Protein chains: 2
Amino acid sequence: MKASDTTPARRMGPSGSATWHLMLDGAEAILREEGYAELTSRRVAERVGIKQQLVYYYFKTMDELMVEAFRRLSKRELERFEQAMSAERPLHEIWGIAMNTSDARLISEFMALANRSEGVRAEVIAFIERSRQLQVEALTRAIERKAVAAGKPAAALPPVAATFLATSVGLALTREAALGVSMGHAEIAGVIEQYLAALEP
Amino acid sequence: MKASDTTPARRMGPSGSATWHLMLDGAEAILREEGYAELTSRRVAERVGIKQQLVYYYFKTMDELMVEAFRRLSKRELERFEQAMSAERPLHEIWGIAMNTSDARLISEFMALANRSEGVRAEVIAFIERSRQLQVEALTRAIERKAVAAGKPAAALPPVAATFLATSVGLALTREAALGVSMGHAEIAGVIEQYLAALEP
DNA sequence: GTCTATACACCGATAGAC
DNA sequence: GTCTATCGGTGTATAGAC
(Lines give C-alpha, C1' and ligand atoms only; values in the text may rest on other atoms or scores of the structure.)
Protein backbone atom coordinates (compact mmCIF):
# COMPACT_ATOMS: atom_id res chain seq x y z
CA MET A 1 0.00 0.00 0.00
CA LYS A 2 2.47 2.65 1.09
CA ALA A 3 5.30 2.92 -1.39
CA SER A 4 7.64 4.44 1.15
CA ASP A 5 7.35 4.58 4.93
CA THR A 6 8.60 8.00 5.86
CA THR A 7 9.70 6.74 9.31
CA PRO A 8 12.88 4.70 8.83
CA ALA A 9 11.99 2.30 11.68
CA ARG A 10 14.24 1.91 14.66
CA ARG A 11 16.98 -0.70 14.69
CA MET A 12 15.84 -3.80 16.57
CA GLY A 13 17.40 -6.89 18.16
CA PRO A 14 16.37 -10.52 17.76
CA SER A 15 13.66 -12.30 19.75
CA GLY A 16 14.75 -15.25 21.83
CA SER A 17 18.29 -14.17 22.66
CA ALA A 18 19.69 -14.51 26.18
CA THR A 19 19.23 -10.82 26.97
CA TRP A 20 15.70 -10.93 25.59
CA HIS A 21 14.84 -13.76 27.97
CA LEU A 22 16.57 -11.98 30.82
CA MET A 23 14.32 -8.97 30.32
CA LEU A 24 11.20 -11.09 30.34
CA ASP A 25 12.44 -12.76 33.51
CA GLY A 26 12.79 -9.33 35.07
CA ALA A 27 9.32 -8.33 33.91
CA GLU A 28 7.84 -11.48 35.44
CA ALA A 29 9.57 -10.89 38.75
CA ILE A 30 8.27 -7.33 38.89
CA LEU A 31 4.72 -8.42 38.14
CA ARG A 32 4.89 -11.14 40.76
CA GLU A 33 6.41 -9.04 43.51
CA GLU A 34 5.22 -5.51 42.84
CA GLY A 35 2.32 -5.55 40.41
CA TYR A 36 1.88 -4.20 36.93
CA ALA A 37 1.95 -0.56 37.98
CA GLU A 38 5.69 -1.01 38.53
CA LEU A 39 6.35 -2.69 35.22
CA THR A 40 8.34 0.05 33.47
CA SER A 41 11.34 -0.03 31.19
CA ARG A 42 13.44 1.62 33.90
CA ARG A 43 12.52 -0.92 36.56
CA VAL A 44 13.13 -3.84 34.21
CA ALA A 45 16.54 -2.44 33.28
CA GLU A 46 17.46 -1.84 36.89
CA ARG A 47 16.55 -5.42 37.77
CA VAL A 48 18.59 -7.09 35.10
CA GLY A 49 21.47 -4.65 35.24
CA ILE A 50 21.29 -2.89 31.89
CA LYS A 51 20.39 0.60 30.71
CA GLN A 52 16.75 1.55 30.31
CA GLN A 53 17.06 2.37 26.65
CA LEU A 54 18.25 -1.12 25.79
CA VAL A 55 14.75 -2.40 26.46
CA TYR A 56 13.71 -0.60 23.28
CA TYR A 57 16.31 -2.41 21.28
CA TYR A 58 14.56 -5.71 22.02
CA PHE A 59 10.96 -4.51 22.24
CA LYS A 60 9.24 -1.91 20.10
CA THR A 61 7.06 -0.73 22.98
CA MET A 62 6.41 -1.69 26.58
CA ASP A 63 3.11 -3.13 25.41
CA GLU A 64 4.98 -5.51 23.14
CA LEU A 65 7.17 -6.57 26.04
CA MET A 66 4.07 -7.40 28.06
CA VAL A 67 2.55 -9.39 25.24
CA GLU A 68 5.77 -11.37 24.74
CA ALA A 69 6.03 -11.98 28.48
CA PHE A 70 2.52 -13.40 28.64
CA ARG A 71 3.04 -15.44 25.50
CA ARG A 72 6.10 -17.09 27.02
CA LEU A 73 4.34 -17.69 30.33
CA SER A 74 1.22 -19.06 28.73
CA LYS A 75 3.21 -21.48 26.62
CA ARG A 76 5.00 -22.70 29.74
CA GLU A 77 1.74 -23.11 31.67
CA LEU A 78 0.00 -24.99 28.89
CA GLU A 79 2.92 -27.40 28.64
CA ARG A 80 2.70 -27.88 32.38
CA PHE A 81 -1.01 -28.68 32.07
CA GLU A 82 -0.46 -31.12 29.26
CA GLN A 83 2.20 -32.91 31.21
CA ALA A 84 -0.10 -33.06 34.24
CA MET A 85 -2.77 -34.76 32.14
CA SER A 86 -0.51 -37.71 31.56
CA ALA A 87 0.42 -38.06 35.24
CA GLU A 88 -1.03 -40.70 37.52
CA ARG A 89 -3.79 -38.53 38.97
CA PRO A 90 -4.31 -35.68 36.51
CA LEU A 91 -7.10 -33.96 38.43
CA HIS A 92 -5.06 -33.72 41.59
CA GLU A 93 -2.24 -32.30 39.50
CA ILE A 94 -4.49 -29.64 37.99
CA TRP A 95 -5.77 -28.62 41.37
CA GLY A 96 -2.22 -28.44 42.64
CA ILE A 97 -1.26 -26.13 39.80
CA ALA A 98 -4.32 -23.95 40.39
CA MET A 99 -3.20 -23.57 44.00
CA ASN A 100 0.39 -22.63 43.16
CA THR A 101 0.73 -19.20 44.71
CA SER A 102 3.34 -17.38 42.70
CA ASP A 103 2.00 -18.14 39.25
CA ALA A 104 -1.57 -17.39 40.31
CA ARG A 105 -0.43 -13.93 41.28
CA LEU A 106 1.35 -13.56 37.98
CA ILE A 107 -1.69 -14.60 35.99
CA SER A 108 -3.84 -12.26 38.06
CA GLU A 109 -1.65 -9.35 37.05
CA PHE A 110 -1.86 -10.27 33.39
CA MET A 111 -5.63 -10.48 33.64
CA ALA A 112 -5.70 -6.95 35.00
CA LEU A 113 -3.35 -5.91 32.21
CA ALA A 114 -5.70 -7.51 29.70
CA ASN A 115 -8.30 -4.85 30.48
CA ARG A 116 -5.89 -2.16 29.30
CA SER A 117 -3.97 -3.73 26.43
CA GLU A 118 -5.54 -5.21 23.33
CA GLY A 119 -2.52 -7.35 22.62
CA VAL A 120 -2.41 -8.84 26.09
CA ARG A 121 -6.18 -9.31 26.03
CA ALA A 122 -6.05 -11.47 22.91
CA GLU A 123 -3.37 -13.69 24.44
CA VAL A 124 -5.19 -14.00 27.75
CA ILE A 125 -8.43 -14.99 26.06
CA ALA A 126 -6.65 -17.65 24.03
CA PHE A 127 -4.96 -18.97 27.15
CA ILE A 128 -8.17 -19.21 29.18
CA GLU A 129 -9.99 -21.03 26.41
CA ARG A 130 -7.18 -23.45 25.66
CA SER A 131 -6.49 -24.36 29.26
CA ARG A 132 -10.18 -24.78 30.01
CA GLN A 133 -10.50 -27.03 26.99
CA LEU A 134 -7.60 -29.19 28.20
CA GLN A 135 -9.08 -29.48 31.65
CA VAL A 136 -12.52 -30.37 30.36
CA GLU A 137 -11.06 -33.16 28.28
CA ALA A 138 -9.15 -34.61 31.20
CA LEU A 139 -12.13 -34.38 33.52
CA THR A 140 -14.48 -35.94 30.98
CA ARG A 141 -12.15 -38.91 30.57
CA ALA A 142 -11.84 -39.35 34.34
CA ILE A 143 -15.60 -39.22 34.87
CA GLU A 144 -16.24 -41.71 32.10
CA ARG A 145 -13.70 -44.14 33.52
CA LYS A 146 -15.36 -43.86 36.91
CA ALA A 147 -18.90 -44.22 35.52
CA VAL A 148 -17.96 -47.27 33.49
CA ALA A 149 -16.27 -48.87 36.48
CA ALA A 150 -19.32 -48.29 38.69
CA GLY A 151 -21.92 -48.87 35.98
CA LYS A 152 -23.48 -45.50 36.82
CA PRO A 153 -24.92 -42.74 34.60
CA ALA A 154 -23.01 -40.11 36.69
CA ALA A 155 -22.64 -36.34 36.55
CA ALA A 156 -24.92 -33.82 38.23
CA LEU A 157 -22.02 -31.44 37.65
CA PRO A 158 -21.02 -30.99 33.99
CA PRO A 159 -17.23 -31.19 33.48
CA VAL A 160 -16.95 -27.64 32.18
CA ALA A 161 -18.76 -26.35 35.26
CA ALA A 162 -16.48 -28.34 37.54
CA THR A 163 -13.29 -27.02 35.95
CA PHE A 164 -14.58 -23.46 35.94
CA LEU A 165 -15.39 -23.86 39.58
CA ALA A 166 -11.97 -25.27 40.44
CA THR A 167 -10.17 -22.48 38.61
CA SER A 168 -12.24 -19.67 40.14
CA VAL A 169 -11.95 -21.12 43.62
CA GLY A 170 -8.22 -21.74 43.30
CA LEU A 171 -7.62 -18.17 42.20
CA ALA A 172 -9.78 -16.71 44.93
CA LEU A 173 -8.10 -18.86 47.58
CA THR A 174 -4.58 -17.81 46.63
CA ARG A 175 -5.56 -14.17 46.26
CA GLU A 176 -7.21 -14.05 49.68
CA ALA A 177 -4.37 -15.99 51.27
CA ALA A 178 -1.97 -13.35 49.95
CA LEU A 179 -4.05 -10.71 51.75
CA GLY A 180 -4.12 -12.73 54.95
CA VAL A 181 -7.76 -13.82 54.83
CA SER A 182 -8.50 -17.47 55.57
CA MET A 183 -12.17 -17.62 56.55
CA GLY A 184 -13.79 -20.67 54.97
CA HIS A 185 -10.62 -21.74 53.17
CA ALA A 186 -10.26 -25.04 55.00
CA GLU A 187 -13.89 -25.93 54.33
CA ILE A 188 -13.79 -25.15 50.64
CA ALA A 189 -10.49 -26.98 50.14
CA GLY A 190 -12.01 -29.96 51.94
CA VAL A 191 -15.01 -30.03 49.63
CA ILE A 192 -12.84 -29.89 46.53
CA GLU A 193 -10.47 -32.57 47.73
CA GLN A 194 -13.39 -34.79 48.61
CA TYR A 195 -14.69 -34.39 45.09
CA LEU A 196 -11.26 -35.15 43.62
CA ALA A 197 -10.79 -38.19 45.85
CA ALA A 198 -14.12 -39.57 44.65
CA LEU A 199 -12.92 -39.39 41.05
CA GLU A 200 -9.27 -40.32 41.59
CA PRO A 201 -8.92 -42.60 44.61
CA MET B 1 5.70 12.45 72.20
CA LYS B 2 6.80 15.21 69.82
CA ALA B 3 6.33 18.56 71.53
CA SER B 4 6.26 20.42 68.22
CA ASP B 5 5.80 19.12 64.69
CA THR B 6 8.22 21.07 62.57
CA THR B 7 6.04 20.68 59.46
CA PRO B 8 3.08 23.09 59.80
CA ALA B 9 0.68 20.67 58.05
CA ARG B 10 -1.07 21.67 54.88
CA ARG B 11 -4.52 23.30 55.01
CA MET B 12 -7.27 20.71 54.48
CA GLY B 13 -10.98 20.66 53.64
CA PRO B 14 -13.75 18.71 55.36
CA SER B 15 -14.70 15.10 54.64
CA GLY B 16 -18.20 14.48 53.38
CA SER B 17 -18.77 17.73 51.49
CA ALA B 18 -20.32 17.78 48.05
CA THR B 19 -17.00 18.26 46.27
CA TRP B 20 -15.44 15.51 48.38
CA HIS B 21 -18.14 13.09 47.22
CA LEU B 22 -17.80 14.29 43.66
CA MET B 23 -14.12 13.38 43.69
CA LEU B 24 -14.83 9.90 45.02
CA ASP B 25 -17.47 9.49 42.31
CA GLY B 26 -14.84 10.39 39.76
CA ALA B 27 -12.36 7.96 41.28
CA GLU B 28 -14.93 5.16 41.15
CA ALA B 29 -15.76 5.87 37.53
CA ILE B 30 -12.08 5.76 36.60
CA LEU B 31 -11.53 2.45 38.41
CA ARG B 32 -14.60 0.96 36.77
CA GLU B 33 -13.86 2.10 33.26
CA GLU B 34 -10.09 2.35 33.07
CA GLY B 35 -8.51 0.51 35.97
CA TYR B 36 -6.40 1.58 38.88
CA ALA B 37 -3.36 2.52 36.79
CA GLU B 38 -5.34 5.54 35.58
CA LEU B 39 -6.41 6.64 39.04
CA THR B 40 -4.33 9.81 39.35
CA SER B 41 -5.05 13.23 40.77
CA ARG B 42 -4.91 14.72 37.27
CA ARG B 43 -7.43 12.26 35.84
CA VAL B 44 -9.82 12.66 38.75
CA ALA B 45 -9.69 16.43 38.43
CA GLU B 46 -10.23 16.28 34.69
CA ARG B 47 -13.29 14.08 35.21
CA VAL B 48 -15.05 16.23 37.71
CA GLY B 49 -13.99 19.55 36.19
CA ILE B 50 -11.66 21.00 38.78
CA LYS B 51 -7.94 21.67 39.04
CA GLN B 52 -5.58 18.83 39.91
CA GLN B 53 -4.23 20.53 43.01
CA LEU B 54 -7.66 20.78 44.60
CA VAL B 55 -7.59 17.03 45.15
CA TYR B 56 -4.90 17.67 47.76
CA TYR B 57 -7.14 20.08 49.60
CA TYR B 58 -9.57 17.25 50.30
CA PHE B 59 -7.17 14.32 50.55
CA LYS B 60 -3.73 14.27 52.11
CA THR B 61 -2.40 11.79 49.55
CA MET B 62 -3.76 9.73 46.67
CA ASP B 63 -3.54 6.73 48.93
CA GLU B 64 -5.93 8.37 51.36
CA LEU B 65 -8.32 9.09 48.51
CA MET B 66 -8.29 5.41 47.58
CA VAL B 67 -8.92 4.31 51.13
CA GLU B 68 -11.82 6.73 51.49
CA ALA B 69 -13.24 5.60 48.17
CA PHE B 70 -13.19 1.98 49.21
CA ARG B 71 -14.57 2.78 52.64
CA ARG B 72 -17.55 4.51 51.07
CA LEU B 73 -18.11 1.72 48.57
CA SER B 74 -17.79 -1.01 51.16
CA LYS B 75 -20.32 0.68 53.43
CA ARG B 76 -22.74 0.93 50.53
CA GLU B 77 -22.24 -2.73 49.58
CA LEU B 78 -22.69 -4.03 53.10
CA GLU B 79 -25.94 -2.09 53.44
CA ARG B 80 -27.06 -3.59 50.18
CA PHE B 81 -26.26 -7.08 51.49
CA GLU B 82 -28.09 -6.51 54.74
CA GLN B 83 -31.14 -5.28 52.90
CA ALA B 84 -31.01 -8.33 50.64
CA MET B 85 -31.06 -10.62 53.67
CA SER B 86 -34.48 -9.37 54.63
CA ALA B 87 -35.90 -9.75 51.13
CA GLU B 88 -38.17 -12.59 50.09
CA ARG B 89 -35.47 -14.83 48.64
CA PRO B 90 -32.18 -13.65 50.20
CA LEU B 91 -29.94 -16.15 48.45
CA HIS B 92 -31.18 -15.22 45.02
CA GLU B 93 -30.57 -11.60 45.96
CA ILE B 94 -27.01 -12.32 47.02
CA TRP B 95 -26.26 -14.16 43.83
CA GLY B 96 -27.77 -11.30 41.87
CA ILE B 97 -25.46 -8.85 43.61
CA ALA B 98 -22.44 -11.08 43.02
CA MET B 99 -23.27 -11.07 39.32
CA ASN B 100 -23.68 -7.30 39.06
CA THR B 101 -21.05 -6.40 36.51
CA SER B 102 -19.98 -2.88 37.30
CA ASP B 103 -19.45 -3.30 41.01
CA ALA B 104 -17.63 -6.59 40.57
CA ARG B 105 -15.17 -4.81 38.35
CA LEU B 106 -14.80 -2.06 40.90
CA ILE B 107 -14.16 -4.50 43.72
CA SER B 108 -11.65 -6.34 41.54
CA GLU B 109 -9.68 -3.14 41.09
CA PHE B 110 -9.65 -2.47 44.81
CA MET B 111 -8.43 -6.00 45.47
CA ALA B 112 -5.52 -5.36 43.14
CA LEU B 113 -4.92 -2.06 44.88
CA ALA B 114 -4.91 -3.88 48.22
CA ASN B 115 -1.68 -5.59 47.22
CA ARG B 116 0.03 -2.21 46.99
CA SER B 117 -1.53 -0.10 49.72
CA GLU B 118 -1.61 -1.01 53.38
CA GLY B 119 -4.54 1.25 54.05
CA VAL B 120 -6.65 -0.22 51.27
CA ARG B 121 -5.61 -3.71 52.27
CA ALA B 122 -6.94 -3.32 55.80
CA GLU B 123 -10.29 -2.10 54.49
CA VAL B 124 -10.55 -4.85 51.90
CA ILE B 125 -9.84 -7.55 54.48
CA ALA B 126 -12.48 -6.16 56.80
CA PHE B 127 -14.98 -6.04 53.94
CA ILE B 128 -14.37 -9.61 52.81
CA GLU B 129 -14.72 -10.96 56.31
CA ARG B 130 -17.83 -8.99 57.15
CA SER B 131 -19.66 -9.75 53.94
CA ARG B 132 -18.77 -13.43 54.13
CA GLN B 133 -20.06 -13.52 57.70
CA LEU B 134 -23.35 -11.98 56.62
CA GLN B 135 -23.76 -14.45 53.79
CA VAL B 136 -22.96 -17.43 55.97
CA GLU B 137 -25.61 -16.38 58.46
CA ALA B 138 -28.25 -16.00 55.78
CA LEU B 139 -27.37 -19.31 54.17
CA THR B 140 -27.34 -21.15 57.49
CA ARG B 141 -30.82 -19.88 58.29
CA ALA B 142 -32.12 -20.87 54.85
CA ILE B 143 -30.66 -24.37 55.09
CA GLU B 144 -32.07 -24.91 58.55
CA ARG B 145 -35.53 -23.83 57.45
CA LYS B 146 -35.33 -26.26 54.55
CA ALA B 147 -33.99 -29.12 56.70
CA VAL B 148 -36.66 -28.64 59.35
CA ALA B 149 -39.39 -28.56 56.72
CA ALA B 150 -38.13 -31.77 55.10
CA GLY B 151 -37.07 -33.50 58.29
CA LYS B 152 -33.59 -34.03 56.83
CA PRO B 153 -30.12 -33.79 58.37
CA ALA B 154 -28.91 -31.82 55.30
CA ALA B 155 -25.64 -30.25 54.17
CA ALA B 156 -22.89 -32.04 52.29
CA LEU B 157 -21.73 -28.50 51.47
CA PRO B 158 -20.95 -26.34 54.53
CA PRO B 159 -22.50 -22.84 54.27
CA VAL B 160 -19.16 -21.07 54.37
CA ALA B 161 -17.93 -23.23 51.49
CA ALA B 162 -21.06 -22.51 49.50
CA THR B 163 -20.77 -18.75 49.91
CA PHE B 164 -17.06 -18.77 49.12
CA LEU B 165 -17.86 -20.71 46.01
CA ALA B 166 -20.63 -18.35 44.93
CA THR B 167 -18.44 -15.30 45.43
CA SER B 168 -15.44 -16.72 43.59
CA VAL B 169 -17.54 -17.96 40.72
CA GLY B 170 -19.48 -14.71 40.46
CA LEU B 171 -16.27 -12.69 40.28
CA ALA B 172 -14.69 -15.00 37.73
CA LEU B 173 -17.81 -14.97 35.56
CA THR B 174 -18.04 -11.20 35.41
CA ARG B 175 -14.31 -10.80 34.85
CA GLU B 176 -14.27 -13.25 31.97
CA ALA B 177 -17.45 -11.82 30.50
CA ALA B 178 -15.73 -8.43 30.43
CA LEU B 179 -12.93 -9.99 28.37
CA GLY B 180 -15.39 -11.65 26.02
CA VAL B 181 -14.93 -15.23 27.21
CA SER B 182 -18.08 -17.29 27.79
CA MET B 183 -16.99 -20.94 27.67
CA GLY B 184 -18.77 -22.87 30.41
CA HIS B 185 -20.60 -19.82 31.75
CA ALA B 186 -24.09 -21.10 30.99
CA GLU B 187 -23.35 -24.45 32.61
CA ILE B 188 -21.91 -23.02 35.80
CA ALA B 189 -24.73 -20.48 36.14
CA GLY B 190 -27.18 -23.33 35.66
CA VAL B 191 -25.61 -25.35 38.45
CA ILE B 192 -25.69 -22.45 40.87
CA GLU B 193 -29.26 -21.53 40.05
CA GLN B 194 -30.31 -25.12 40.51
CA TYR B 195 -28.74 -25.12 43.94
CA LEU B 196 -30.45 -21.85 44.82
CA ALA B 197 -33.81 -23.06 43.57
CA ALA B 198 -33.53 -26.13 45.79
CA LEU B 199 -33.09 -23.92 48.82
CA GLU B 200 -35.45 -21.10 47.86
CA PRO B 201 -38.27 -22.40 45.68
C1' DG C 1 -13.05 26.79 48.49
C1' DT C 2 -10.63 27.22 44.37
C1' DC C 3 -7.05 28.91 41.72
C1' DT C 4 -1.90 29.83 39.83
C1' DA C 5 2.78 28.76 40.09
C1' DT C 6 6.08 25.61 40.72
C1' DA C 7 9.33 21.75 42.44
C1' DC C 8 11.05 17.46 41.27
C1' DA C 9 10.88 12.43 40.02
C1' DC C 10 9.79 9.16 36.70
C1' DC C 11 7.87 7.56 32.31
C1' DG C 12 8.06 6.03 27.15
C1' DA C 13 10.53 6.65 23.33
C1' DT C 14 14.11 8.31 19.74
C1' DA C 15 18.88 9.45 17.66
C1' DG C 16 23.20 8.42 17.24
C1' DA C 17 28.09 7.33 19.17
C1' DC C 18 31.09 3.44 20.43
C1' DG D 1 24.88 -5.16 21.38
C1' DT D 2 25.17 -1.61 24.54
C1' DC D 3 25.89 2.95 25.72
C1' DT D 4 25.11 8.45 26.23
C1' DA D 5 22.21 12.24 25.44
C1' DT D 6 17.88 14.00 25.30
C1' DC D 7 12.78 14.99 24.34
C1' DG D 8 8.00 15.90 25.86
C1' DG D 9 4.66 14.22 28.91
C1' DT D 10 2.69 12.94 33.30
C1' DG D 11 2.84 11.95 38.17
C1' DT D 12 2.65 13.52 43.43
C1' DA D 13 2.80 17.16 46.25
C1' DT D 14 3.58 22.03 48.31
C1' DA D 15 3.09 27.30 48.87
C1' DG D 16 0.58 30.94 48.55
C1' DA D 17 -2.70 34.36 46.03
C1' DC D 18 -7.66 35.41 45.32
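Structure's up top.
Attention in this report is confined to the structure presented alongside it. (Residues numbered from 1 in each chain as written. Chains lettered and ligands numbered in written order. Predicted model: local features only at pLDDT ≥ 70, side-chain atom pairs only at ≥ 80, totals over all residues. Heavy atoms only, no water.)

1. A short note on the packing of aromatic side chains
Point 1. Under the counting rule described, the total for this entry stands at 9 aromatic pairs over all chains.
Point 2. Centroid distance Phe70 of chain B to Phe110 of chain B: 4.9 Å. Interplanar angle 65°. Geometry classified as edge-to-face. Of this pair, Phe70 of chain B sits in helix H4 (residues 62-85) while Phe110 of chain B sits in helix H6 (residues 101-114), placing them 40 residues apart in sequence. Residues Phe70 of chain B and Phe110 of chain B agree in their burial class; the two are buried.
Point 3. Each residue in the set Phe70, Phe110 and Phe127 of chain A is aromatic and connected to the rest through ring pairs, giving one cluster. (Phe/Tyr/Trp six-rings, centres within 6.5 Å; stacked < 30°, edge-to-face > 60°. Helix = DSSP H or I, 4+ residues; strand = E, 2+ residues; numbered from the N terminus. Buried < 20%, exposed > 50% of the residue type's maximum accessible area, 1.4 Å probe, protein only.)

2. Some details on the protein's contact with DNA strand C
Point 1. Every one of the 20 residues lining DNA strand C counts as a neighbour, but Arg10, Ser41 and Tyr56 of chain A together with Arg11 and Gln53 of chain B are closest to it.
Point 2. The sugar-phosphate backbone supplies 52% of the atoms of DNA strand C found within 4 Å of the protein.
Point 3. In the environment of DNA strand C, a phosphate oxygen lies 3.4 Å from a nitrogen or oxygen atom belonging to the side chain of Thr19 of chain B.
Point 4. At a separation of 3.2 Å, a phosphate oxygen of DNA strand C approaches a polar backbone atom of Lys51 of chain B.
Point 5. In terms of residue count, the dominant contributor to the surface near DNA strand C is helix H2 (residues 41-48) of chain A (3 residues).
Point 6. Broken down by class, the residue content of the surface near DNA strand C amounts to 7 nonpolar, 7 polar and 6 charged. (Near = heavy atom within 4 Å. Polar contact = N/O pair within 3.5 Å; in protein donor to acceptor, adjacent residues only side chain to side chain. Nonpolar A, V, L, I, M, F, W, Y, C, P; charged D, E, K, R; others polar.)

3. Overview of the environment of Glu123 of chain B
Residues and elements named next belong to chain B.
Point 1. Within the secondary structure, Glu123 is located in helix H7 (residues 118-150).
Point 2. Measuring from C-alpha to C-alpha, the distance between Glu123 and Arg89 comes to 29 Å, with 34 residues separating the pair along the chain.
Point 3. Once residues within four sequence positions are removed from consideration, Glu123 is found in contact with Val67, Phe70 and Arg71.
Point 4. Reaching out from Glu123, the side chain makes a polar contact with the side chain of Arg71 at a distance of 3.1 Å. (Contact = heavy atoms within 4.5 Å.)

4. Brief notes about the protein's contact with DNA strand D
Point 1. Around DNA strand D, the structure places 20 residues, and the nearest of them are Gln53 of chain A together with Arg10, Ser41, Arg42 and Tyr56 of chain B.
Point 2. A breakdown of the atoms of DNA strand D within 4 Å of the protein gives sugar and phosphate a share of 49%.
Point 3. Thr40 of chain B places a side-chain nitrogen or oxygen 3.3 Å from a phosphate oxygen of DNA strand D.
Point 4. A distance of 2.3 Å separates a base nitrogen of DNA strand D from a polar side-chain atom of Arg42 of chain B.
Point 5. For the surface near DNA strand D, the secondary structure elements donating two or more residues are helix H3 (55-58) of chain A together with helix H2 (41-48) of chain B.

5. A short note on the pattern of salt bridges
Point 1. Under the criterion given, the structure shown has 31 salt bridges over all chains.
Point 2. Residue Arg47 of chain B pairs with Glu34 of chain B through a salt bridge whose shortest N-O separation is 2.9 Å. With Arg47 of chain B in helix H2 and Glu34 of chain B in helix H1 (residues 18-34), the pair connects residues that are 13 residues apart, well separated along the chain.
Point 3. In this structure, the salt-bridge partner of Arg105 of chain B is Glu109 of chain B, at a minimum N-O distance of 3.3 Å. With Arg105 of chain B and Glu109 of chain B both in helix H6 and 4 residues apart, the pair spans about one turn of that helix.
Point 4. Linked through salt bridges whose partners overlap, the residues forming this network are Asp25, Glu28, Arg32, Arg72, Arg76, Glu77, Arg80 and Asp103 of chain A. (Salt bridge = Lys/Arg side-chain N within 4 Å of Asp/Glu carboxyl O.)

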